[in-house]
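Next come the chains, spelled out residue by residue.
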Amino acid sequence: MTSANGRFKIILTLIVALLLTALPVPEPLNHFRPDWLLLVLGYWCMALPYRVSIGYAWITGLTLDILLGAPLGIHSLALSIVIYIIVMNHRLIRNISLWQQALIVGFLTMLNKLIIFWAEKLLFDISITPMYLWSILTTMLIWPWIFLILRKIRRQFAIR
């Protein structure tokens, strides 16, 4: 498989994650929406840290800001910090069990949420509610399936 074809498949999965993030859901379920972009980007950064790294996080974060109508740079900053942590510790994260990875993904999702909250708090007068943190739990619960699906895609298409 050529390098360009593998890059296309990675970008395609990131586009799907962006679309899932921007997909409208009923308001009561919106608090439980997993952080799709963090899951997909986190997987690729853990599996291929030399190909997918902070640059992808910054670009997809800016795209997410545009899709959600958020001030430019908020999601980019949060994703870049979280992806930096994943890339610097990818060997450790890859070699632990899936449920331990889910706990780490939950911690990183919480960090992502808190950075976004902090940045929005500086710009707007908002407050945090417990409902804001429910998506951390759903992100943790969906991590094993996302991991297995993306690993199957990576192996099937020989993305290296």
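Here is a short report on the structure shown in this document. Predicted, not measured: the structure shown is a model, and the values here were computed from it.

## Digging into the nonpolar core
Side chains of a nonpolar character, in soluble globular proteins, are inclined to be buried together.
Here is step 1 of the chain: Grouped together as the largest cluster of nonpolar side chains are 34 residues, with contacts concentrated most on Ile-10, Leu-41, Tyr-43, Trp-44 and Trp-143.
Here is step 2 of the chain: A total of 11 residues in this core trace back to one element, the largest contributor, which is helix α3 (residues 36-47).
Here is step 3 of the chain: Not counting residues up to four positions away in its chain, the partners in contact with Tyr-43 are Trp-143, Phe-147, Leu-150, Arg-151 and Arg-154.
Here is step 4 of the chain: One finds Ile-74, Ala-78, Ile-116 and Ala-119 within the second-largest nonpolar core, a separate group that totals 5 residues.

## Side note on the side chain of Glu-120
Here is step 1 of the chain: Structurally, Glu-120 is set in helix α7 (residues 98-123).
Here is step 2 of the chain: The side chain of Glu-120 is buried and forms no salt bridge, while Lys-113, the nearest opposite charge, is found at 8.9 Å.
Here is step 3 of the chain: Not counting residues within four places of it along the chain, the set of residues in contact with Glu-120 comprises Ile-74 and Ile-126.

## Some details on the environment of Phe-107
Here is step 1 of the chain: In this structure, Phe-107 sits in helix α7.
Here is step 2 of the chain: For Phe-107, a relative accessible area of 49% gives the class partly exposed.
Here is step 3 of the chain: C-alpha separation for the pair Phe-107 and Leu-137, spaced 30 residues apart in sequence, amounts to 10.0 Å.

## A closer look at helix α5 (residues 74-88)
Here is step 1 of the chain: Between its first and last C-alpha atoms α5 spans 22 Å; for 15 residues at 1.5 Å apiece the expected length is 21 Å, and the two agree.
Here is step 2 of the chain: Those residues of α5 that are buried are in contact with α3, α4 (54-68), α6 (90-94) and α7.

## Quick word on the packing of aromatic side chains
Here is step 1 of the chain: Under the defined criterion, the tally for this structure stands at 5 aromatic pairs.
Here is step 2 of the chain: For the pair Tyr-43 and Trp-44, a centre-to-centre distance of 5.2 Å together with 70° between the ring planes defines the contact as edge-to-face. There is no split in this pair, since Tyr-43 and Trp-44 are both buried.
Here is step 3 of the chain: Over the ring of Phe-157 we find Lys-9, and its NZ or CZ is 4.7 Å from the ring centre.
Here is step 4 of the chain: The positively charged end of Lys-113 is found above the aromatic ring belonging to Tyr-132, 5.2 Å away from the centroid.

## Looking at the pattern of salt bridges
Here is step 1 of the chain: By the definition in use, this model includes 1 salt bridge.
Here is step 2 of the chain: We note a salt bridge from Asp-125 to Lys-121, for which the minimum N-O separation is 3.6 Å.
Here is step 3 of the chain: By relative accessible area, Lys-121 is classed as partly exposed at 39%.

Cut-off values and rules
Residues numbered from 1 in each chain as written. Predicted model: local features only at pLDDT ≥ 70, side-chain atom pairs only at ≥ 80, totals over all residues. Heavy atoms only, no water. Core = buried A, V, L, I, M, F, W, Y, C linked by side-chain atoms within 4.5 Å. Buried < 20%, exposed > 50% of the residue type's maximum accessible area, 1.4 Å probe, protein only. Helix = DSSP H or I, 4+ residues; strand = E, 2+ residues; numbered from the N terminus. Contact = heavy atoms within 4.5 Å. Lys, Arg positive; Asp, Glu negative; His and termini not counted. Salt bridge = Lys/Arg side-chain N within 4 Å of Asp/Glu carboxyl O. Expected span 1.5 Å × (residues − 1). Phe/Tyr/Trp six-rings, centres within 6.5 Å; stacked < 30°, edge-to-face > 60°. Lys NZ or Arg CZ within 6 Å of the ring centre and 35° of its normal.

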